[in-house]
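Here's the letter readout for the chains.
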Amino acid sequence: MEREGFIQYYQAIPNLRLLGQSLAYLCNFQATNVTTKKRAIDSFCEADGIIDIADYLGESFGVTVSAASEEDAQQTMAKLAKQVGIPRFVFLPPRQFPSSLRSLGKLDWQLVKNLRGSAAEVHLA
């Protein structure tokens, strides 16, 4: 399916419950134009708690935010939306991360730290 172009990329999302964030919410935004959308996406890329940004055709895009509660997620998204000038967004039901009996070790934390900038440029010491 990859060779035929049906599958174009993979994405791994760690169990964020291990980092104290048990929920992930997808929020859909509709910008007034493509330029505003580009500026908003650039701002969201630098924000804490954002785990994914989907750039759709046209003026819309989706942002996934991790949070410990729905209230935290809504406050985070409302604050970011106000900063970028797109005050209205659609907040979809959350994805819950499962409980884990494990905790993160030293290498796990090193990977998390290095992935924060760019997954394509991970270098472990």
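Use the structure listed above.
Overview of the structure. As the structure is a computational prediction, the values presented were derived from the model and not from experiment.

1. Things to note about the pattern of salt bridges
And then number 1: Under the defined criterion, the tally for this structure stands at two salt bridges.
And then number 2: Put simply, aspartate 55 and lysine 37 hold a salt bridge, and the shortest N to O gap is 2.5 Å. Placement of aspartate 55 in strand β2 (residues 50-55) and of lysine 37 in helix α1 (residues 34-45) is noted, with a sequence separation of 18 residues between them.
And then number 3: With relative accessibility at 55%, the residue aspartate 55 sits in the exposed group.
And then number 4: Of the charged contacts in the structure, one is a salt bridge between aspartate 42 and lysine 38, with a shortest N-O distance of 3.0 Å. A residue pair is termed a helical-turn pair when its members lie 3 or 4 positions apart in one helix, as aspartate 42 and lysine 38 do in helix α1 at four residues.

2. Some details on the pairing of β2
And then number 1: One ladder, built from five bridges, connects β2 with strand β3 (residues 60-67); its direction is antiparallel. In the sheet register, aspartate 55 faces β3, and the bridge partner there is phenylalanine 61.

3. Examining the environment of asparagine 28
And then number 1: Assignment of secondary structure puts asparagine 28 in strand β1 (residues 23-30).
And then number 2: Here asparagine 28 falls in the partly exposed class, since its relative accessible area comes to 25%.
And then number 3: In the structure, asparagine 28 is positioned 61 residues away from phenylalanine 89 in sequence and 5.6 Å away in space, judged by C-alpha atoms.
And then number 4: When residues no more than four places from it in sequence are discounted, the contact partners of asparagine 28 are Tyr56, Phe61, Gly62, Phe89, Val90 and Leu92.

4. Focus on the nonpolar core
And then number 1: Counting 20 residues, the largest nonpolar core has Phe29, Phe44, Ile50, Phe61, Val63, Met77 and Ile86 as the members making the most contacts within it.
And then number 2: Secondary structure elements with two or more residues in this core: β1, α1, β3 and α2 (70-84).
And then number 3: The dominant element in this core, judged by the number of residues it contributes, is α2, at five residues.
And then number 4: Discounting residues that sit within four places of it in the chain, isoleucine 50 has contacts with Phe44, Val63, Thr64, Val65, Met77 and Leu80.

5. Thoughts on α1
For the α-helix, the turn length of 3.6 residues means that residues three or four positions removed from each other point alike.
And then number 1: End to end, α1 covers 16 Å across twelve residues, agreeing with the expected 16 Å (1.5 Å per residue, within 8%).
And then number 2: Looking only at α1, the buried set comprises Thr36, Lys37, Ala40, Ile41 and Phe44. Buried residues of α1, viewed axially, fall in a sector of 135°; they line one side. Among the exposed residues of α1, those oriented more than 90 degrees off its buried face are Thr35, Lys38 and Arg39.

6. Quick word on the packing of α1 against α2
A packed helix pair is summarised by two numbers, namely the angle formed by the two axes and the spacing between the axes.
And then number 1: Contact geometry for α1 and α2: axes closest at 10 Å, N-to-C directions at 135°. By the criterion of interaxial angle, the relationship of α1 to α2 is oblique. Regarding α1 and α2, the two cross each other, and that crossing is right-handed. Seen from α1, the contacting residues are Ala40, Ser43 and Phe44; seen from α2, they are Met77, Leu80, Ala81 and Val84.
And then number 2: Residue composition of the contact of α1 with α2, by class: six nonpolar, one polar and no charged.

Thresholds, definitions, all that
- Residues numbered from 1 in each chain as written.
- Predicted model: local features only at pLDDT ≥ 70, side-chain atom pairs only at ≥ 80, totals over all residues.
- Heavy atoms only, no water.
- Salt bridge = Lys/Arg side-chain N within 4 Å of Asp/Glu carboxyl O.
- Helix = DSSP H or I, 4+ residues; strand = E, 2+ residues; numbered from the N terminus.
- Buried < 20%, exposed > 50% of the residue type's maximum accessible area, 1.4 Å probe, protein only.
- Pairing = 2+ DSSP bridges.
- Contact = heavy atoms within 4.5 Å.
- Core = buried A, V, L, I, M, F, W, Y, C linked by side-chain atoms within 4.5 Å.
- Expected span 1.5 Å × (residues − 1).
- Arc of directions from axis to C-beta.
- Axes fitted to C-alpha atoms, helices over the stretch in contact; angles between N-to-C directions.
- Parallel < 35°, antiparallel > 145°, perpendicular 65-115°, else oblique.
- Left-handed = near helix turned anticlockwise from the far one by under 90°.
- Nonpolar A, V, L, I, M, F, W, Y, C, P; charged D, E, K, R; others polar.

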